[in-house]
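Residue-level structure breakdown
Letter by letter, the chains look like this.
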Amino acid sequence: QVQLVESGGGLVQPGGSLRLSCAASGIIFNIYTMGWYRQAPGKQRELVATITSGGFINNADSVKGRCTISRDNAKNTVYLQMSSLKPDDTAVYYCNGKYSGRNYWGQGTQVTVSS
């Protein structure tokens, strides 16, 4: 049974930082491309960042310079370090794992940026 469990979301003031974590189980983690996506109210789910098994990173333009994705294969965990957060970053953040046609999602963690 595949599980992707996100944690680390919450309420943060504009300009603040958060680190999201996603713990994976039931997959051979180190071969998967892992990623973070987000969905704001009334909007489509969009890419935040992905990291391949080889460590290649792709960031959305909207978060470049503010978000860093990383992975710890020994812990089967992918992280998203976010800084200089803006109200527009408010969304549910989802963890994703992809490999060879397999595509798994976590349940999401809410990030709210507000004063």
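All of the points below concern the structure found in this document. Quick caveat: nothing in here was measured; it's all calculated off a predicted structure.

**What about the overall build of the chain?**
Scanning the chain from N- to C-terminus turns up zero helices and eleven strands. The order of helices and strands in the chain, counted from the N terminus, is β-β-β-β-β-β-β-β-β-β-β. In summary, the chain has a C-alpha radius of gyration of 13 Å against a globular reference of 13 Å for 115 residues, a match within 12%. Along the first, second and third principal axes, the C-alpha atoms of the chain reach 40 × 25 × 25 Å. Residues classed as buried in the chain amount to 39% of the 115 residues present. Here the analysis covers contacts within the chain between residues at least 6 apart in sequence; of these, 54% occur between residues at least 24 apart. As presented, the chain carries roughly 6,100 Å² of accessible surface, and 46% of it is formed by carbon and sulfur atoms.

**Here we look at the state of the cysteines**
The full count for this structure, using the stated rule, is one disulfide. Across a sulfur-sulfur distance of 2.1 Å, Cys 22 and Cys 95 are joined as a disulfide pair. Taking the torsion about the S-S bond as the criterion, the Cys 22 to Cys 95 disulfide, at about -80 degrees, is left-handed. With Cys 22 in strand 3 (residues 18-25) and Cys 95 in strand 9 (residues 91-99), the pair connects residues that are 73 residues apart, well separated along the chain. Just as Cys 22 is buried, Cys 95 falls in that class too. No disulfide involves Cys 67; its sulfur sits 14 Å from that of Cys 95, the nearest cysteine.

**Here's the deal with the pairing of strand 9**
In this sheet, strand 9 lies alongside strand 4 (residues 33-39) in antiparallel orientation, the contact comprising seven bridges. Paired with Met 34 across the two strands is Gly 97, which belongs to strand 9. Of the strand pairs in this sheet, strand 9 and strand 10 (residues 102-105) are connected by four bridges, and their pairing is antiparallel. Paired with Lys 98 across the bridge in strand 10 is Asn 103. Connecting the antiparallel pair strand 9 and strand 10 is a turn made up of two residues, with Ser 100 showing a positive phi of about 50 degrees.

About the thresholds
Residues numbered from 1 in each chain as written. Predicted model: local features only at pLDDT ≥ 70, side-chain atom pairs only at ≥ 80, totals over all residues. Heavy atoms only, no water. Helix = DSSP H or I, 4+ residues; strand = E, 2+ residues; numbered from the N terminus. Rg over C-alpha atoms; globule rule 2.2 N^0.38 Å. Buried < 20%, exposed > 50% of the residue type's maximum accessible area, 1.4 Å probe, protein only. Contact = heavy atoms within 4.5 Å. Areas by Shrake-Rupley, 256 points an atom, 1.4 Å probe, with all protein chains shown as cover. Disulfide = S-S within 2.5 Å. Pairing = 2+ DSSP bridges.

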